[in-house]
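Chain residues, written in single-letter form:
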Amino acid sequence: MSGQKKLFVKTYGCQMNVYDSARIRDVMAPLGYVAASTPADADLVVLNTCHIREKAAEKVFSDLGRLRAHRRAKEEAGGRMLVAVAGCVAQAEGEALRARAPIVDIVLGPQVYHRLPEMVARALRSHGEAVFDTEFPVEPKFDHLPPPASEGPSAFLAIQEGCDRFCTYCVVPYTRGAEYARPAAAVLAEARQLVETGAREITLLGQNVNAWAGEAPDGGVWGFGRLLRELAEIPGLARLRYTTSHPRSVTPDLIAAHREVSALVPFLHLPVQSGADRILAAMNRGHTAAEYLRTVDALKAARPDMMLSSDFIVGFPGETEAEFQETLAVIRAAGFIQAFSFKYSPRPGTPAAAMPGQVAEAEKVDRLARLQAELAGIQENFNRACVGRTMPVLFDRPGRHAGQLIGRTPYMQALHARMPQEAFGTVRAVRVVSVGPNSLGGEAVDIGRKDAAE
Ligand code: SAH
Ligand code: SF4
Ligand code: F3S
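Residues numbered from 1 in each chain as written. Chains lettered and ligands numbered in written order. Predicted model: local features only at pLDDT ≥ 70, side-chain atom pairs only at ≥ 80, totals over all residues. Heavy atoms only, no water.

J.: If you had to explain helix 8 (residues 224-232) to someone new, which residues and values would you point to?
T.: Inspection of helix 8 places Phe 224, Gly 225, Leu 227, Leu 228 and Leu 231 among the buried residues, and these make up the whole buried set. Buried positions in helix 8, seen along its axis, are confined to an arc of 160° and lie on one side of it. Residues of helix 8 that are buried make contact with helix 7 (184-196), strand 10 (201-205), strand 12 (221-223), strand 13 (239-243) and helix 9 (252-260). (Buried < 20%, exposed > 50% of the residue type's maximum accessible area, 1.4 Å probe, protein only. Helix = DSSP H or I, 4+ residues; strand = E, 2+ residues; numbered from the N terminus. Arc of directions from axis to C-beta. Contact = heavy atoms within 4.5 Å.)

This is the structure:
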């Protein structure tokens, strides 16, 4: 027996990478790899990387630089440390990565995580040559990965991967490849397994998640709305979320699902990126600002408590001040209660990087600050308006004080309340009583006593 080995995985980027990192740990566990709390004493370090903006990609190289000292210390003590780069930087850079960072032993793209054990074995046998695999194999990795257990009351489930939309600023279609939808039976089986191992909430993941259309158990095809309806039938599953959606794939059937399926939270992340039609066209988003707002209205008509969150890019090539103002107008009209907003970052190989009219950095900084101030105001107002409301809260973390638990409202607000220990991992009705800078305060609503009094 070779005994226990230690694995350290660092995750950058989106929730898909969080899900993938858990799969990487799962696939290495049968080989005796257990989690290390720091990279210093790890036998295998995996950086699961993100290529979306320049800053995210550059961070990987500074982290690799820092790993050198750990590896040297390990070797001086007679040990060995393998360094693997996974994820979207690995896919984008391929063998070029090794030239910039000779410390790297293994480079593996997002579609081949099931091959990591074999790559580690090869790297251990080799004397310093790197092992590469950035293929998009025909057989999907999901068929070869062990079925995951839930790590808590809230779990991620990847149902779709890749993107065929080719927004002109974005690297994802190149790093994750073409759209692939997992068969419904595989999704349902994984969801049941997650619920059996403690999940009460499942967030379905995909780069273009609502474009999911997959093989049905009877050999036909299901759309995304049907999949949601089937998932909602799983006993013990209280909540369903999904991310990230594209406005063009919000179908009438999906809107109807939001009306009919109570497990679906009344909160949707639906990126708009810009509010100016000329910029939306240059981005190749496939919709206008008015079309986007009509979709928002239809969702709110189906589910009156529906709130939206979004992603924004400021300073896309050619964006004028007037066009930026149009984005602010869409923010006010849709009333986004949360958002991720970014300065446009030119990415190698994408069409937008070569477009004329690149916006000066100072202008991007200024627009981002103004956009974020607008969003923060809406978020604050919404949080304040929640005081007095009763909301279902999924308690998934211990609080800072004894007798306290922390959970999430349907709108992803953190909420802390005095709660009995057995409320952990359950959804409870809570009245919001206060608003802090980072969380809401709540009080359990004793539904039992109210019923008894009636
Ligand atoms: N599939 C998702 C988003 C993936 S990337 C979608 O279509 O919404 C997450 C966010 O990063 C995008 O929504 C966009 O706002 C931002 N982003 C992508 N490429 C970018 C770039 N080159 N510069 C700045 N932000 C970018
Ligand atoms: Fe990127 Fe656009 Fe695809 Fe989203 S829809 S992943 S932004 S190309
Ligand atoms: Fe980043 Fe790749 Fe996700 S580029 S955002 S890790 S799909």
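J.: Please give an account of the pairing of strand 17 (residues 390-398) that cites residues and values.
T.: Across five bridges, strand 17 lies against strand 20 (residues 427-435) in antiparallel orientation. Each bridged residue has a counterpart across the sheet, and for Pro 392 the counterpart in strand 20 is Ala 429. Of the strand pairs in this sheet, strand 17 and strand 18 (residues 404-408) are connected by four bridges, and their pairing is antiparallel. Looking across to strand 18, one finds that Arg 397 is bridged to Ile 406. Where strand 17 folds back onto strand 18 in an antiparallel hairpin, the turn is made up of five residues, including Gly 403, whose phi is positive at roughly 80°. (Pairing = 2+ DSSP bridges.)

J.: Tell me about helix 11 (residues 289-302), and name the residues and values.
T.: Relative to the 20 Å expected for 14 residues at 1.5 Å per residue, helix 11 spans 20 Å between its end C-alpha atoms, a close match to the ideal helical length. When we look at burial in helix 11, the residues that qualify are Ala 289, Tyr 292, Thr 295, Val 296, Leu 299 and Ala 302. Seen end-on, helix 11 carries its buried residues on one side only, within an arc spanning 150°. Opposite the buried face of helix 11, by more than 90 degrees, sit the exposed residues Arg 294, Asp 297 and Ala 301. Buried residues belonging to helix 11 abut helix 9, strand 14 (267-269), helix 10 (277-282), strand 15 (307-314) and helix 12 (321-334). (Expected span 1.5 Å × (residues − 1).)

J.: Residue-level account of the environment of Pro 153, with values.
T.: Along the polypeptide, Pro 153 turns up in the loop between strand 6 (131-133) and strand 7 (154-158). When the C-alpha positions of Pro 153 and Ile 202 are compared, they lie 8.6 Å apart, and in sequence the two are 49 residues distant. With sequence-adjacent residues up to four places away left out, Pro 153 is seen in contact with Gly 198, Ala 199, Arg 200, Glu 201, Leu 394, Phe 395, Asp 396, Phe 424 and Gly 425.

J.: So what's going on with the pattern of salt bridges? Residues and values would help.
T.: On inspection of all chains with the given rule, the structure shows 33 salt bridges. With a shortest N-O distance of 2.8 Å, Lys 343 and Glu 361 are connected by a salt bridge. Of this pair, Lys 343 sits in strand 16 (residues 338-343) while Glu 361 sits in helix 13 (residues 361-385), placing them 18 residues apart in sequence. Judged by its relative accessible area of 27%, Lys 343 falls in the partly exposed class. (Salt bridge = Lys/Arg side-chain N within 4 Å of Asp/Glu carboxyl O.)

J.: So what's going on with unusual backbone geometry? Which residues, and what values?
T.: Geometrically, the link from Thr 243 to Thr 244 is a cis peptide bond, its omega value of 0° lying close to zero. Among the structural elements, Thr 244 can be located in the loop between strand 13 and helix 9. Even without glycine at this site, Gln 273 takes up a positive phi of about 75°. Here Gln 273 lies in the loop between strand 14 and helix 10. We classify Gln 273 as buried; its relative accessible area is 8%.

J.: Talk me through the site of ligand 1; I want residue IDs and the actual numbers.
T.: Close contacts around ligand 1 come from 15 residues, with Arg 53, Gln 207, Gln 273, Asp 311 and Ser 345 the closest. For ligand 1, whose accessible area on its own is 540 Å², the fraction buried by protein is 89%. Elements that contribute at least two residues to the shell around ligand 1 include exactly strand 15 and strand 16. Among the residues making up the shell around ligand 1, the classes are represented as six nonpolar, four polar and five charged. Counting contributing residues, the shell around ligand 1 receives three or more from each of domain 2 (151-265) and domain 3 (299-384). (Near = heavy atom within 4 Å. Areas by Shrake-Rupley, 256 points an atom, 1.4 Å probe, with all protein chains shown as cover. Nonpolar A, V, L, I, M, F, W, Y, C, P; charged D, E, K, R; others polar. Domains from an automatic or database assignment.)

J.: For the sheet that holds strand 21 (residues 440-444), give the residues involved together with the corresponding values.
T.: Backbone hydrogen bonds hold the strands of a sheet together, and the pairing may be parallel or antiparallel. Reading around the barrel, the five strands line up as 17-18-19-21-20 and close back on themselves, with mixed pairing between neighbours. In this sheet, neighbouring strand axes are inclined to one another by 55° on average, regardless of whether the strands run parallel or antiparallel. Examined bridge by bridge, strand 19 (residues 414-418) and strand 21 share three bridges and lie parallel to one another. Within strand 21, the position partnered with Leu 415 by the bridge is Leu 440. (Axes fitted to C-alpha atoms, helices over the stretch in contact; angles between N-to-C directions.)

J.: Let's hear about the domain arrangement of the protein: which residues, and what values?
T.: Interface size is often expressed as the accessible area that is lost when the parts come together. The domain architecture assigned to the protein consists of domain 1 (5-133), domain 2 (151-265), domain 3 (299-384) and domain 4 (390-444). For domain 1 and domain 2, the distance between their C-alpha centroids amounts to 28 Å. Counting residues at the interface gives 15 residues for domain 1 and 18 residues for domain 2. Of the roughly 1300 Å² buried where domain 1 meets domain 2, counting both sides, 60% is carbon and sulfur surface. On the domain 1 side of the interface with domain 2, the three residues burying the most area are Gln 15, Met 16 and Tyr 19, jointly 46% of the side's total. Summed over the shared surface of domain 1 and domain 2, the number is one salt bridge. (Buried area = accessible area lost by both parts, 1.4 Å probe.)

J.: I'd love a proper account of the packing of aromatic side chains, names of residues and values included.
T.: A full pass over the atoms with the stated rule returns nine aromatic pairs. An angle of 75° between the planes, with centres 5.6 Å apart, marks the rings of Phe 312 and Phe 336 as edge-to-face. Here Phe 312, found in strand 15, pairs with Phe 336, found in the loop between helix 12 and strand 16; they are 24 residues apart in sequence, far enough to count as distant. We note that Phe 312, like Phe 336, is buried. With a centroid separation of 5.5 Å and an interplanar angle of 65°, the aromatic rings of Phe 316 and Tyr 344 are classed as edge-to-face. Residue Phe 316 is found in the loop between strand 15 and helix 12, and its partner Tyr 344 is found in the loop between strand 16 and helix 13; the two are separated by 28 residues along the sequence. Phe 316 sits in the buried class, given a relative accessible area of 0%. One aromatic cluster is present, formed by Tyr 169, Phe 316 and Tyr 344 through successive ring pairs. The ring of Phe 342 has Arg 53 lying over it, and the distance from NZ or CZ to the ring centre is 3.5 Å. (Phe/Tyr/Trp six-rings, centres within 6.5 Å; stacked < 30°, edge-to-face > 60°. Lys NZ or Arg CZ within 6 Å of the ring centre and 35° of its normal.)

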